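# Tertiary structure, described
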Amino acid sequence: MRIFSGIQPTGSKHLGNYIGAIRQYVEGQDRGEALYCIVDLHAITVSYDPHELRSSLYDLCALLLAAGLDAQRCILFRQSDVLEHAELTWLLASVTAFGDLQRMHQFKDKSASQRELVSGGLFFYPVLMAADVLAYRATDVPVGDDQRQHVELMRDIAIRFNARFGGGEEVLLVPEHRIPSVGARIMDLQDPARKMSTTGGSEQGTIYVLDEPATIVKKIASAVTDSGREIVRSPEKAGVSNLIEILAVASGRTPQQVEADMADARGYGDLKKAVAEAVVAMLAPVRERYVRLRADEGALEQILADGAARASEIASHTLADVRERMGVGAPRQTRTLR
Ligand code: AQP
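Here the structure is a predicted model, which is why all the values come from computation and not from measurement. (Residues numbered from 1 in each chain as written. Predicted model: local features only at pLDDT ≥ 70, side-chain atom pairs only at ≥ 80, totals over all residues. Heavy atoms only, no water.)

At a minimum axis distance of 10 Å, the contact between helix α6 (residues 105-113) and helix α7 (residues 120-134) shows a crossing angle of 160°. By the angle between their axes, α6 is roughly antiparallel relative to α7. In terms of crossing hand, the pair formed by α6 and α7 is right-handed. Between α6, through Gln106, Phe107, Lys110 and Ser111, and α7, the contact on the second element is made entirely by Leu122, Phe123 and Tyr125. Each residue belonging to the contact of α6 with α7 can be placed in one class, and the counts come to four nonpolar, two polar and one charged. (Axes fitted to C-alpha atoms, helices over the stretch in contact; angles between N-to-C directions. Helix = DSSP H or I, 4+ residues; strand = E, 2+ residues; numbered from the N terminus. Parallel < 35°, antiparallel > 145°, perpendicular 65-115°, else oblique. Left-handed = near helix turned anticlockwise from the far one by under 90°. Contact = heavy atoms within 4.5 Å. Nonpolar A, V, L, I, M, F, W, Y, C, P; charged D, E, K, R; others polar.)

The full set close to the ligand counts 23 residues, and His14, Asp146, Lys195, Thr198 and Thr199 are the nearest of them. Lys110 is positioned such that a nitrogen or oxygen atom in its side chain is 2.7 Å from an oxygen atom of the ligand. Within the backbone of Gly144, an N or O atom sits 2.8 Å from an oxygen atom of the ligand. Notes on the ligand: free accessible area 650 Å², of which the protein chains cover 96%. The greatest single-element share of the shell around the ligand, amounting to four residues, is contributed by helix α1 (residues 15-28). Counted by class, the shell around the ligand contains six nonpolar, twelve polar and five charged residues. (Near = heavy atom within 4 Å. Polar contact = N/O pair within 3.5 Å; in protein donor to acceptor, adjacent residues only side chain to side chain. Areas by Shrake-Rupley, 256 points an atom, 1.4 Å probe, with all protein chains shown as cover.)

Considering the arrangement of structural elements, one finds His14 in the loop between β1 (2-7) and α1. His14 sits in the buried class, given a relative accessible area of 3%. Not counting residues up to four positions away in its chain, the partners in contact with His14 are Met196, Ser197, Thr198, Thr206, Ile207, Tyr208 and Val209. (Buried < 20%, exposed > 50% of the residue type's maximum accessible area, 1.4 Å probe, protein only.)

For helix α3 (residues 50-67), with 18 residues, the first-to-last C-alpha span of 26 Å sits near the 26 Å given by 1.5 Å per residue. Taken residue by residue, α3 has Leu53, Ser56, Leu57, Tyr58, Leu60, Cys61, Ala62, Leu63, Leu64, Leu65, Ala66 and Ala67 as its buried positions. Where α3 begins, the side chain of Asp49 points an oxygen toward the backbone nitrogen of His51, at a separation of 3.0 Å. (Expected span 1.5 Å × (residues − 1).)

What follows covers helix α4 (residues 84-93). Most of α4 sits out of view: seven of its ten residues are buried. Restricting attention to buried positions, one finds in α4 the residues Glu84, His85, Leu88, Thr89, Leu91, Leu92 and Ala93.

This next bit is on the domain arrangement of the chain. Taken domain by domain, the chain consists of domain 1 (2-183 + 296-326) and domain 2 (213-292). Residue-level contacts link twelve residues of domain 1 with twelve residues of domain 2. Taken over both partners, the interface formed by domain 1 and domain 2 buries close to 1000 Å², and the fraction arising from carbon and sulfur atoms is 75%. For the domain 1 face of the interface with domain 2, the top three residues by lost area are Leu15, Ala66 and Val182, together amounting to 46%. (Domains from an automatic or database assignment. Buried area = accessible area lost by both parts, 1.4 Å probe.)

To continue, consider the side chain of Lys272. Within the secondary structure, Lys272 is located in helix α12 (residues 268-294). For the buried Lys272, which has no salt bridge, the nearest side chain bearing the opposite charge is Asp226, at an N-O separation of 9.8 Å. Sequence-distant contacts of Lys272, that is, excluding residues within four places in its chain, are made with Ile220, Ala221, Ser222, Ala223, Thr225 and Leu243. (Lys, Arg positive; Asp, Glu negative; His and termini not counted. Salt bridge = Lys/Arg side-chain N within 4 Å of Asp/Glu carboxyl O.)

As structure tokens, then:
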């Protein structure tokens with residue numbers, strides 16, 4: 001099994017990113033060969049500050065290590081260091097339907113909320129994401145539920161590439177998404193109809209992985225619930241359902257167990273107290289390790305450089321095959337090997 005996932009070096013990572021993605025990354029290290037990529041090329045598709053991008057990249061690298069990624073057990077690298085990603089994006093563009101890109105929810109949402117330029121890069125974002133994964137012939141893609149459509153598209157791209165250029169072979173492996181059964185869509189605490197998000201959410205409704213414990217307690221205490229008292233999940237109780245899911249993940253129980261354990265609670269106050277305690281216990285150690293790791297940018301840079309060299313070794317083989325099949329560049333036997 002080969003696992004690949006990318007994460008953007010944008011903003012402070014929140015509880016949704018942690019539960020939907022980062023926690024799965026850490027588990028993935030024990031399940032197979034795992035590659036995790038900090039996708040700076042994706043981050044430049046919306047307006048950004050170059051200095052902040054560099055700094056956010058180190059922030060995220062330190063955070064991933066603090067959360068439990070181990071550079072000895074996974075390949076952690078920066079997307080722009082492995083040139084194959086950009087090249088494969090262009091090559092795959094020729095088997096990507098324009099109409100499919102137009103249908104992507106993320107493009108529709110993000111282009112609508114852009115105040116300045118809606119870049120071509122934002123439109124091409126899913127093709128770059130497909131290239132990220134397909135370059136490694138990854139089998140599993142751990143992501144949150146919001147990325148389901150992008151993974152479906154990369155599967156279609158791989159299938160179309162193989163049909164057009166594969167000559168009966170699966171040159172590009174068709175990957176599967178790994179969306180967690182609980183916590184795939186953590187909702188904003190102030191507006192539980194919307195997902196917790198870096199760009200679209202409310203400050204008070206978003207728990208950041210690096211929030212102080214007191215801030216976490218305060219945000220959870222003010223979470224929007226409803227006028228009832230029953231601690232059960234239901235479509236009419238989006239706020240309570242969200243808290244139950246968060247508590248389940250943070251305390252290593254199923255949502256059903258949480259509901260059973262909370263059956264004697266006096267009301268939502270008890271639920272919020274339990275959620276706050278569990279989330280603080282889950283995130284506080286990450287925060288402590290982060291401070292130490294973030295202080296040494298040289299060490300972070302070294303980890304990323306080692307990761308990029310290992311990643312490039314894998315991706316270059318795929319690219320050689322893709323180029324050959326597409327008839328692009330010199331034929332393989334006469335090409336200068338890199
Ligand atoms: N609310 C969420 N619940 C569960 N999983 C989530 N993810 C994002 N939000 C939730 C998952 O986090 C991973 C990283 O996403 P990213 O690289 O796109 O980072 P981001 O831009 O910081 O994430 P956001 O919050 O989703 O940003 P916006 O909303 O601004 O685009 C992905 O696997 C994602 O599924």
